[in-house]
Structure formats: C-alpha cells, structure tokens
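In case you want the letters, here they are:
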Protein chains: 2
Amino acid sequence: MSNEANAIIPSMKLSDLGEFGLIRLISSASARYENSRGAPWQEVLVGIGDDAAAWQGDNRIQLATTDTLVQDVHFDLDIIGWDELGWKALAVNLSDIAAMGGIPKYALLSLALPAHMEVEDISKFIDSLMHTAEEFRVAIVGGNIAAAPNVIITVTIIGHTKGKAMLRRSTASPGEQIAVTGYVGLSAAGLEMLKGKAISDYETANLLRRAHFKPVPRVQEGQVLIDHGVKTAIDVSDGLVADLDHICQSSKVSAEIKIGQLPVHPVVTANFPNYQDLALYGGEDYELLFTADEATIARARQALGCPVTIIGSITREELPTRVTLLDNKGNIIPYRKGGWEHFKNEGPQTKFSQP
Amino acid sequence: MSNEANAIIPSMKLSDLGEFGLIRLISSASARYENSRGAPWQEVLVGIGDDAAAWQGDNRIQLATTDTLVQDVHFDLDIIGWDELGWKALAVNLSDIAAMGGIPKYALLSLALPAHMEVEDISKFIDSLMHTAEEFRVAIVGGNIAAAPNVIITVTIIGHTKGKAMLRRSTASPGEQIAVTGYVGLSAAGLEMLKGKAISDYETANLLRRAHFKPVPRVQEGQVLIDHGVKTAIDVSDGLVADLDHICQSSKVSAEIKIGQLPVHPVVTANFPNYQDLALYGGEDYELLFTADEATIARARQALGCPVTIIGSITREELPTRVTLLDNKGNIIPYRKGGWEHFKNEGPQTKFSQP
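Note that the structure is a prediction, hence the values are computed from the model and not measured.

Observations regarding helix α2 (residues 14-34) of chain B
All names here are of chain B.
Move 1: For α2, built from 21 residues, the straight-helix expectation of 30 Å at 1.5 Å per residue is missed by more than 12%, its first-to-last C-alpha distance being only 25 Å.
Move 2: The sharpest bend along α2 comes to roughly 70°, located at F20.
Move 3: Those residues of α2 not exposed but buried are L14, L17, E19, F20, L22, I23, L25, I26, S27, A29 and S30.

Okay, here's the thing in structure tokens:
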C-alpha cells in the first residue's frame, strides 16, 4: 500500500516497533500529504512533532492538542480520586498548550466508560473538570460519550498564540543554557509513595500526592517565556532526560545536564534515596524545560513567578549520544536511556513527536 | 459538590442513568459556567447539544467535533478491514461537520492500542486514514498515542463555516417539511449481513458492506443546504427516528413520518423483510436529515447531486409523543422508541446532545 508498509516485517508486533517507531510511521505517512496543494496544508505551521499542532488562522496562530488517559495505564482508580482525575485530564492538555506558549480557549471531552460505573463518581469527575476549566478560562464546548470496558478520557484543547511567536522543540542552538521551572521528580516521588513507600508526615504526603495527581500546568509561564524572547520549550511529561532528548532530536543538537544542579525538592531529597533518578527519569511534572542564551533566561527568570533553575547547556550534535549527564567534577556519568515508551513499557501518554 | 450531585441517588449506576442522562448531567454542570464573564464563554455560539461545537473566530465561525470508536462496541476486528476502519474513523467525524454545514480543515488522531497488535494492520489503518483525509482536504496535524487493553480511536476535526450561517438542531418549525439525503437503512442492512444474514449476490453484498463500513459523509451537501437557505439538520447516526427526535427535542416541536415515503434502497427491500425497521431505527447511514419550507427544500434538492426524499413534516410540540409514524392511509402506527443508547444497549457513539 505504501513504501513504509512494504518495509514492515510481516508479523512484527507493536511491542517490537515501539511507541516512537509508531510515531515515525504515522509521521512518514503524513509527510506524503504535507506538501499537498493549497489549503489546509499550506496553512499548517506545526504538524506532527511538537507539543501541539499549529496553523495560521485568520489573524492569529491557532493551536490544538489532544491527550488520552487510560485506566490502569495512566491512572489507577484505587488510588486516584475522581476529582483529581478531572483536574489531571485537563491539566495534561493545558500543559501542552503552555509548552507552545499559547492561550487555551476551548475543550472537547470524549469519555469511554463502563456501564457499571457509579454515577456519583462520574459526577465528581465532571464537576472537577468543569471547575478546573473555569480556573484556566477554558470553555468545555462539546465532546462524545461511548461505552467501553474501561475508563478512557480524551481531552482536546484548542487555543491560539498571543502574538506571532510560539515555543518550539526544534529551535535549540549550541551554546544556549537549559533551564527548568519548579521542581523535577516530585510527581514520580508521589507515585512511589502511592505505590507503597511509607511517608509518615501528613504535610509531606499531601504535597507528594498533589504533585502527582494535581500538577499545575505552566500556562502563564509559557506566555511569559515568549514575551521575553524564549523560542524553545517542552513540558516535562515523559521525564527530564527523555523530554530534553526530544528537544535535541528535533533541534539536531546535543545537551549536557549537570546533575548537581537539578532542582530537587527538599522533601524528595530527604525521603527518597533515589531522588536523582526520580528527577532525571520521572515524568509527569509538567514543568517547562526551555533553552535560550544566558541573558534571555536571566530576563525570563526575573519575570516568572516560579523557581527557574539552569541545569545545563546545549552543545553541538554528537551522535549517538544526545543527552550527557555530568557530575560535580565534570565527569560523565552513565544513565539509563530514560522516559516512558508505550508498548515497550508502561507509562504516561506521549504526543506525536519525531524523536 | 453541586446540586446535580446531591440529586443523584447513592449507588446509582451509569446503566441506570443511561447515556442521555449522563449527557444531561454534563450539560447542566457546564451550564453553571456558560454565563461566565468574558472570553471564551461569550464567544461560544454552540456549546454542548449539537453535531459540533461552534464559536466566533476572528473572521469566521469555528467548528470542532470529536468521535470515539471502541473495539467490540463500535467495530469488530473479525469483520471490519483495517483500511475500512481508517475511512470510518474519519468519516463519522466529517459527518458531524457536514451536519453543521461546515468545511473540515484539521484533524487530530488519538490512538489507544494493545501492544500485541500487528504493525502491518496499524499501518494499513494509518494509510487509509491519511488517504481519506486527503480526499476530504483535511490535514492530520497531530494526536496522541497510548497503550490500552483494546483498540480505541478518537478523531477530532476542526473546521469553520463558509459564511455566517450554520445548520442547527434547534431551528425546526411547525409546518416545515422533513427531508433526507440518500437512503436510510442500508448501513443497518449491511450490519445484518455481516452478522450472518446470507446475501448470495456479490454486487449486493459489496454494496451493503460499503454502506456499513465506508459511509460517505455529506460534506459538500451540507454546504449546499446552507447555500439554499436550509437552517436545520442532523446526520443520521443513531437512527432516523432517534435523530429526528433529537431535532424535535432541541427545537421543541413534534414530527410526523410517512413510512411509505422512506427512501429504502431496492436491495434492502428485496432482501430484508424488516426493511422498514432498518430504515427507521438503523443508524450509521450518515445521511443528512433536514427540515425547511417546501420551496427551500425544492431549491436545495435541485442543487444537490444526490437523492433527496421528503418523508414527513414538523408539527407543533405534542408531549410526550414527538415522532409519530403514519402509514399510507394516515393511520398512526406504533413504533419502538428507537436509536442507540450507550450503557443501556450497545451501539455507536453519540455526540453530547440535549435530547
């Protein structure tokens, strides 16, 4: 049917191809049409391969993104509250708009649910989702309902940019600094606690639970980054190393992280001996990871109302190594190629991207 | 948490509430925010309750719709081909844009897939979806991938109207005629064949299979209807009676169908003794059901390149009866309250609507 299809080994499974292989397959199928004549293709500014899609609207750049949460893959109903799930379903999508520096406006909600569900539970979910939407000034304008063996929640958000600029994955340059908002590893630490790791202090437990179930998307911060000239960003969903790797692959650069500079929350350092792994490979923090020259980052940091930490720098592309970890003495330390990949391991959803 | 939540009987199941009850629950939760101050709420033209959502863009009315197909609920992988599934996943969404009289432009694809899937199969699906998208001049701009126990496909389409007009569900008036494009019941007849009903003739079998798996969304036709002054339409997805009932409820009117006038394909009349039931209650034809005065329908019919059949008329609201079926002598004949409803029975997906 196509060159790609011919190249596929018969009886190859999705688990052999992997999530990123599947994304490449979709991406190359799409590329055959991207140069199609006229509208809508000629208006597309960002297709498959970034945090959100973008196209030229009448006066503004339009943005759209979609994310799916699958029961027992992305959430466990034994530990997450329905109100927390309502927040998270919207937050993970808002984070993708934030990572483009955009303004979210409208959302569609697609629910696949088992018939045996409690109405009280789904009602809590709906209330929380609507409330979260109002907090971020997003109107839930429609959606779809279907029966399914387990709970699957797909949210689509449509928005636009403030001006003509966007935050991209593909614009990082050698010599730039790498910075991240807030803390990394808090969400993964929260998950470890929820899976059984004992945390005796109530305040600490609450902080960790919130970090995992109610991450705050950096919507305002994304816009502030654009206002101050930042061009490159991604949200930390797959994990710091994995998401930096996405930037490196899109920008055709490499990167160095000084692991001593990682912004690890004191609560994580104090309670989790593996805090460095949590910070490097734990995903779902929904912080913004961005690159820019020193002066730009200094200006952006001044304007942002949250912690900003410089954790390394962008270097020339050195294949096959893309992300190098350095200890305090500047020695290279080995790392496990991190980040979630569906079909090969379990973990959170991934946007279409071309890693 | 809310008045709605308080009104819910403890331990009530989704199967008790039903799909349309759930839609009302979401709709009333949303209504609490619809009058929220300023953007984006003040720009919303059509929220929950029609074939697609609509809001005022910079120069044009923007449209967005989403639909989910769930394995073993909406399709059976033992009988549908992967290429047919690629077509159908896009077509059911295009049909919702068609039912607003809109022009589809961009699509997002969200796939939840089991790891044991054959790459060759998913590749066929992707190729077919991309090819269908090109045929309807829609750019696939992004999406999401996740692992899941079974195949779940969610497509979101974003488009706009041609001018300032839209086709709505809520604008039907007493005295108007009711018309439908093409044939009704072909898709349901196809499903009966696929489930085992013997059809010996190859051409007939092929026609029925295509009607069920490769329905053609009436995208051009929707725009023609608007051009000729039609204001009210819905696509036939739940079934003719059920979808006419949606129009009646939204418009606060009743309707009469003359069952002798139903456009049933000769192949269905010849092979299916229950052809009238298939035409009245079988869904997924994705034809356009519309209402207008006699002269408007006559003009629209002249301009349309497909069959258009007048099947009845809109009457004043007569609760609780909304849709009345009349035989050739004008006698009322009983009918089973038709149409799919998730959680209570199995069937195709339903848009958020306020029946």
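Details of the relation of the copies chain B and chain A
Move 1: With an RMSD of 0.0 Å, the operation that places chain B on chain A is a rotation of 180° combined with a shift of 0.0 Å along the axis. Taken together, the rotation and translation describe the operation of a two-fold axis. In terms of proximity to the rotation axis, the leading residue of chain B is D58(B), whose C-alpha is 3.1 Å off the axis.
Move 2: When the interface residues of chain B are mapped onto chain A, 100% of them are again interface residues, pointing to one common binding face.

So, the environment of G222(B)
All names here are of chain B.
Move 1: Mapped onto the elements of the fold, G222 is located in helix α7 (residues 219-227).
Move 2: Each C-alpha atom, one on G222 and one on A147, is 36 Å from the other, the two residues being 75 residues apart in sequence.
Move 3: Residue contacts for G222: discarding those within four places in its chain leaves A98, A99, M100, G101, G102, L167, A233 and L288.

Thoughts on the sheet that holds strand β13 (residues 332-333) of chain A
Residues and elements named next belong to chain A.
Move 1: Read across the open sheet, the seven strands follow the order β8-β10-β7-β11-β9-β12-β13; overall the sheet is mixed. Every interior strand has two partners, whereas the edge strands, β8 (232-235) and β13, have only one.
Move 2: Both strand β7 (residues 177-181) and strand β11 (residues 308-315) contribute to a ladder of five bridges, which runs antiparallel. Bridge assignment links T181 to a residue of β11, and that residue is V308.
Move 3: Sitting on the sheet, helix α7 (residues 219-227) touches β7, β8 and β10 (288-292), and the angle it makes with β10 is about 5°.

Some details on the environment of S170(B)
All names here are of chain B.
Move 1: Tracing the backbone through its elements, the reader meets S170 in the loop between β6 (152-161) and β7 (177-181).
Move 2: Put simply, S170 and L45 are 125 residues apart on the chain and 13 Å apart in space, counted from C-alpha to C-alpha.
Move 3: When near neighbours in sequence (up to four residues on either side) are disregarded, S170 contacts S250 and S251.

Cut-off values and rules
Residues numbered from 1 in each chain as written. Chains lettered and ligands numbered in written order. Predicted model: local features only at pLDDT ≥ 70, side-chain atom pairs only at ≥ 80, totals over all residues. Helix = DSSP H or I, 4+ residues; strand = E, 2+ residues; numbered from the N terminus. Expected span 1.5 Å × (residues − 1). Bend = angle between axes of the 7 residues up to and from the residue. Buried ≥ 20, exposed ≤ 12 C-beta atoms within 10 Å, placed from the backbone. Least-squares fit on C-alpha atoms with pLDDT ≥ 70 in both. Contact = placed C-beta atoms within 7 Å. Pairing = 2+ DSSP bridges. Axes fitted to C-alpha atoms, helices over the stretch in contact; angles between N-to-C directions.

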